[in-house]
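Read off the chains here:
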Amino acid sequence: MGSAVSKLIALPIVSAESADVDVQVEAQEVDGSTVKRLPRWLKKPLPKGGVNFTAGLMEELGLETVCDNAKCPNRSECYSQQTATFMILGNTCTRPCGFCAVKRGRPGALEADEPTRLAQAALRLGLKHVVITSVTRDDLADGGAEHFRQCILAVRELVPDATIEVLTPDFVDNPDAVAKLLEARPEVFNHNTETVPRLYRRVRGPKSRYRWTMDLLRLVKQLSPQVRTKSGLMLGLGETQDEVLEVLTDLRDADCDFLTLGQYLQPSETRYLSVVRYIHPDEFAFYGEMAKKLGFKKVASGPFVRSSYHARDMAE
Ligand code: SF4
């Protein structure tokens, strides 16, 4: 793991001891029960129109989006701009991540025509940058790498001018699977770190390893140096500032090009990990500055940033 980096500006210090308690989430009484109130910077106006076209097209073509399945807070904005992140390999994940709203369980069979349908959607949406992610498929020998490859090839054929970004699972230390996917030459290879090593097991469950994430990003650069690598973290899960900066250092050690940092939001109050802290926009700006100093080529850091939010701007 990399060494801690000195801080640029004074910020409230969050230590590992205090980070596990719910100290900065505002709460209020409504009708006799306590609800958590979002800070003002996490309220955004609803966009005007356009949402139904994107949602309808996905339904017509039988496609899944991570926007819907993960209850992304930017869904209305992105759909209204006729953009979305395709989620392939089904809608059921084999990992029990504590932050994610995607259904978990035993996945169904692969759909051989999914690559063609995905490419048709990309064409009809007029996408210039196509982002493809997936559920984790530990039940498949190659983790779904060949299906990723087929999806990229189908988009290349139908929308040759579009750039392509994949946001992949970790492929469980399987370099052959990664090499297979890279044969299709995506422009951007994104794999999220999600959180700091201390919280990895709690956030990503027992089947995931911090080391696999760093090794995967390093391997992609070794196999395909021209591919831009990208990773992201959710903040507000109890991580300390030093821990975040250490992860950023590790990502640069793995030659990661692009970084996204966003606020974790609990998909619903009945399940999933609680928000430990709402990170102020100034603190996101601080991390963004630090990331640029560490050498990331592009950085998006803010409360609503998600790994595919405005992904085209970052890829250009
Ligand atoms: S930020 Fe990404 S996941 Fe969220 S709605 Fe936009 S494209 Fe979908």
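Residues numbered from 1 in each chain as written. Predicted model: local features only at pLDDT ≥ 70, side-chain atom pairs only at ≥ 80, totals over all residues.

Asks: Quick rundown of unusual backbone geometry? Include the residues and the values.
Replies: Peptide bonds are, in most cases, trans, and in most cases residues other than glycine have a negative phi. Phi angles above zero are rare outside glycine, and Arg185 is one such case at about 55°. Relative to the elements of secondary structure, Arg185 occurs in the loop between α6 (175–182) and β7 (188–190). (Helix = DSSP H or I, 4+ residues; strand = E, 2+ residues; numbered from the N terminus.)

Asks: Residues and numbers for the site of the ligand, please.
Replies: As a structural note, the neighbourhood of the ligand is formed by Val66, Cys67, Cys72, Asn74, Arg75, Cys78, Thr83, Ala84, Thr85, Arg306, Ser308 and Tyr309. Elements with a minimum of two residues in the shell around the ligand: α2 (66–69) and α3 (75–80). In the shell around the ligand, the residues fall into six nonpolar, four polar and two charged. (Near = placed C-beta within 6 Å. Nonpolar A, V, L, I, M, F, W, Y, C, P; charged D, E, K, R; others polar.)

Asks: Tell me about the sheet that holds strand β4 (residues 85–88), and please be specific about residues and values.
Replies: In spatial order, the strands read β3-β4-β5-β6-β7-β8-β9-β10; together these eight strands make up an open sheet with mixed pairing. Strands with a single pairing partner mark the edges of an open sheet, and in this sheet they are β3 (64–65) and β10 (298–301). For strand β8 (residues 228–235) and strand β9 (residues 258–263), the ladder comprises six bridges, and the chain directions are parallel. Within β9, the position partnered with Met234 by the bridge is Gly262. Most of the contacts of helix α5 (residues 145–158) go to strand β5 (residues 129–134), to which it runs at about 165°, and overall it touches β4, β5 and β6 (163–167). (Pairing = 2+ DSSP bridges. Contact = placed C-beta atoms within 7 Å. Axes fitted to C-alpha atoms, helices over the stretch in contact; angles between N-to-C directions.)

Asks: So what's going on with the pairing of β10? Residues and values would help.
Replies: Regular strands place their side chains on alternate faces of the sheet. For β9 and β10, the ladder comprises four bridges, and the chain directions are parallel. Looking at β10, one finds that Phe258 is bridged to Lys298. Viewed along the sheet, the connection from β9 through helix α10 (residues 281–294) into β10 turns out right-handed. (Right-handed = clockwise from strand over helix to strand, strands pointing away.)

Asks: A description of the packing of helix α9 (residues 241–253) against α10 should follow, citing residues and the corresponding values.
Replies: Describing two packed helices takes the angle between their axes plus the distance from one axis to the other. At a minimum axis distance of 10 Å, the contact between α9 and α10 shows a crossing angle of 30°. What the angle tells us is that α9 and α10 run roughly parallel. Crossing geometry of α9 relative to α10 is assigned as right-handed. Packed against α9, whose contacting residues are Val244, Leu245, Leu248, Thr249 and Arg252, the element α10 presents Tyr287, Met290, Ala291 and Leu294 at the interface. (Parallel < 35°, antiparallel > 145°, perpendicular 65-115°, else oblique. Left-handed = near helix turned anticlockwise from the far one by under 90°.)

Asks: Kindly report on α6, identifying the contributing residues and their values.
Replies: Those residues of α6 that sit buried are Ala177, Val178, Leu181 and Leu182. Here the buried residues of α6 occupy an arc of 135° about the axis, which is enough to place them on one side. Contacts from the buried residues of α6 go to α5, β6 and α8 (210–223). (Buried ≥ 20, exposed ≤ 12 C-beta atoms within 10 Å, placed from the backbone. Arc of directions from axis to C-beta.)

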